[in-house]
Amino acid sequence: MKNNFYKNFMLWMVIALMMVVMFNFFNTSQGVSKKISYSDFIENVQKDKVKVVIIKQNHITGELDDGTHFETYYPPDNELIKILREHKVQIYAKPPDQNPWYVQVLISWLPMIILIGIWIFFMRQMQGAGGKAFSFGKSRAKLLTQDQQKVTFKDVAGVEEAKEELQEVVEFLKDPHRFQRLGGKIPKGVLLVGPPGTGKTLLAKAVAGEAGVPFFSISGSDFVEMFVGVGAARVRDLFDQGKKHAPCIIFIDEIDAVGRHRGAGLGGGHDEREQTLNQLLVEMDGFESNEGVILIAATNRPDVLDPALLRPGRFDRQVVVPRPDVNGRLEILKVHTKKVPLGEDVNLEIIAKGTPGFSGADLANLVNEAALIAARKDKDKVEMEDFEEAKDKITMGKERRSMSISEEEKKVTAYHEAGHAIVAKFIPEADPVHKVSIIPRGMALGVTQQLPQDDRHMYSKDHLEGMISVLMGGRAAEEIIFNRYTTGAGNDIERATDIARKMVCSWGMSEKLGPLALGKKDEAVFLGKELATAREFSEKTAIMIDEEIKSIVMNNYKRSLNILKENIDVLHATANLLLEKETIDGKEIDEIIARSKNKNNLDEGESKELEDV
């Protein structure tokens, strides 16, 4: 602390000296004025040594013939002007100053005041990040205190296995001898891996709240700066702080910002990110030990991380934080609805079953949207219909009732969506139809929503073909009813083709080509996304792939055509009901199908009676 005081004192002394020099520079007039008495001034005038005089109130300045500048006091002398004119002295007269003395002082000090202001502004800008001037290499990690660590494992739901693994880390920090007595060592690093919104950051906050030890939090992007070497310096400073507060936890969010593969070709071997990563690798497991410092990091792109970062000794554990299943979603909903007044008709189990694929962040957003909708309607409690409306808004988009649609387009949309729904109803492998709407939502003119009965973790070939058939059902309905095609099926065709391509090239579901993976995906490590698929097969194989993709799509398209032709009355009835109500659910379609079957059974019975007669 004393060294810092002396450094700062010396710095400000240098600054003050610079200010004085600059002030003197701005206030130094050209030439040096010599003060002389009035009698000497008159004597010089009479000897013709004075060239110029400037008279200003009671003050005379001037220049002698040898270039010397002088100044003297001017007493009231009526003969002075006459004497000056006789000796041919050039006379200048200036009016008295109109500004008060304090304004003159301010003007004379103005340059120095401006310089001081610029310096203070510069210093505050340098200290804006919380450090001192020129402290670029200081870590920007935030140290959370006990009062700030309010999140515990009770606030985290749906990821029980991840909680168990992190609970061990917490217990080790609280009672290390329990594990060390059998020779166990605390993990140096824990990597949380999972899709966005699954609760990785929340888990880290819960660890901080449970452990009761110092917790440093920093983002991966905070290490990288425009100045070379700053990232590595910040890593060193971060671990130095960690050693001083050991035992402690350091949490790096989005570590893929600095932990990507080295030597990827972008930036070369001296890239700033690589230098930062090298320093991070050394600090985690180098010659110096970091006992008591546990590093927890989170990422949703583990595939782009450098292998040296993932080896045991650095990140000893990789904790997967997946999307929650139906039980996990129920627990997450219970956590998020604690402070939300719910209506008597709200059933969280039904909501959990109706939100497959939702992450923890999605469910939090669902509860918030439902609360906002209920508040907009001036309700005292959030009811089930508010949750349904919120779910539709999230999954299908906001209703665009103000959009102007012609009756012809509305009719085409109704038959298109009815085609999707009916094909889904008559294919056993397809997911059940939840809701069908011809109200424009988002970028779509209509939506057919399917919800699986259970969470799916793998898909069979029959299920994938059923998905293609459902996607092609809208195009098939347009062909049967209107005998023409529209652009409304563009997205359906794209998705169907993509599924068929993956069946052939990635999942080995083609009988002709067999269980082969065709085409290697090239990814840009720093961009973090797929750029292209390299062709590692012959032209003949490429032709076979195209034929197989076309065969899968066309076979399922014909399947959709046959289903709709056999149930044409159901198609008409469903489309008419959509035109009437705009939104229907799966139960209403089931009723239409049941009425059609009863009618067909009656017709068959009457025809048999006629045959018997």
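Residues numbered from 1 in each chain as written. Predicted model: local features only at pLDDT ≥ 70, side-chain atom pairs only at ≥ 80, totals over all residues. Heavy atoms only, no water.

- An unreviewed UniProt entry lists the chain under the name ATP-dependent zinc metalloprotease FtsH, from Deferribacter desulfuricans.
- We quote the UniProt Function (unreviewed entry) comment for the chain here in full: "Acts as a processive, ATP-dependent zinc metallopeptidase for both cytoplasmic and membrane proteins. Plays a role in the quality control of integral membrane proteins."
- What the UniProt record of the chain gives under Subunit (unreviewed entry) is the line "Homohexamer." (UniProt positions renumbered as here; feature names shortened; annotations may be inferred.)

**Some points on the overall build of the chain**
Phase 1 of the analysis: For the chain, the count of helices and strands is 20 helices and 16 strands.
Phase 2 of the analysis: Of the roughly 35900 Å² that the chain leaves accessible, carbon and sulfur atoms contribute 54%. (Helix = DSSP H or I, 4+ residues; strand = E, 2+ residues; numbered from the N terminus. Areas by Shrake-Rupley, 256 points an atom, 1.4 Å probe, with all protein chains shown as cover.)

**Here we look at the packing of aromatic side chains**
Phase 1 of the analysis: Considering all chains together, one arrives at four aromatic pairs under this definition.
Phase 2 of the analysis: When the ring of Tyr 38 is compared with that of Phe 41, the centres are 6.0 Å apart and the planes differ by 45°; the resulting orientation is tilted. Of this pair, Tyr 38 and Phe 41 both sit in helix H2 (residues 38-46), separated by three residues, roughly a single helical turn. Of the two residues, Tyr 38 and Phe 41, neither departs from the other in class, the shared state being buried.
Phase 3 of the analysis: Here Phe 215 and Phe 251 contribute two aromatic rings whose centre-to-centre distance is 6.2 Å and whose plane-to-plane angle is 25°, an arrangement assigned as stacked. Taken together, the positions of Phe 215 in strand E8 (residues 215-219) and Phe 251 in strand E9 (residues 248-253) put the pair 36 residues apart, joining distant regions of the chain.
Phase 4 of the analysis: A relative accessible area of 1% places Phe 215 in the buried class.
Phase 5 of the analysis: Through pairs of rings, three or more aromatic residues link up here, namely Tyr 38, Phe 41 and Phe 70.
Phase 6 of the analysis: Taking NZ or CZ as reference, Arg 475 lies 3.7 Å from the ring centre of Tyr 485, over its face. (Phe/Tyr/Trp six-rings, centres within 6.5 Å; stacked < 30°, edge-to-face > 60°. Buried < 20%, exposed > 50% of the residue type's maximum accessible area, 1.4 Å probe, protein only. Lys NZ or Arg CZ within 6 Å of the ring centre and 35° of its normal.)

**Comments concerning the UniProt feature "active site" (unreviewed entry) in the chain**
Phase 1 of the analysis: When the UniProt feature table is mapped onto this chain, "active site" (unreviewed entry) is found at Glu 417.
Phase 2 of the analysis: In this structure, Glu 417 sits in helix H15 (residues 407-426).
Phase 3 of the analysis: Judged by its relative accessible area of 6%, Glu 417 is buried.
Phase 4 of the analysis: Setting aside its immediate chain neighbours within four residues, Glu 417 contacts Val 436, Ser 437, Ile 438, Gly 446, Val 447, Thr 448 and Leu 578. (Contact = heavy atoms within 4.5 Å.)

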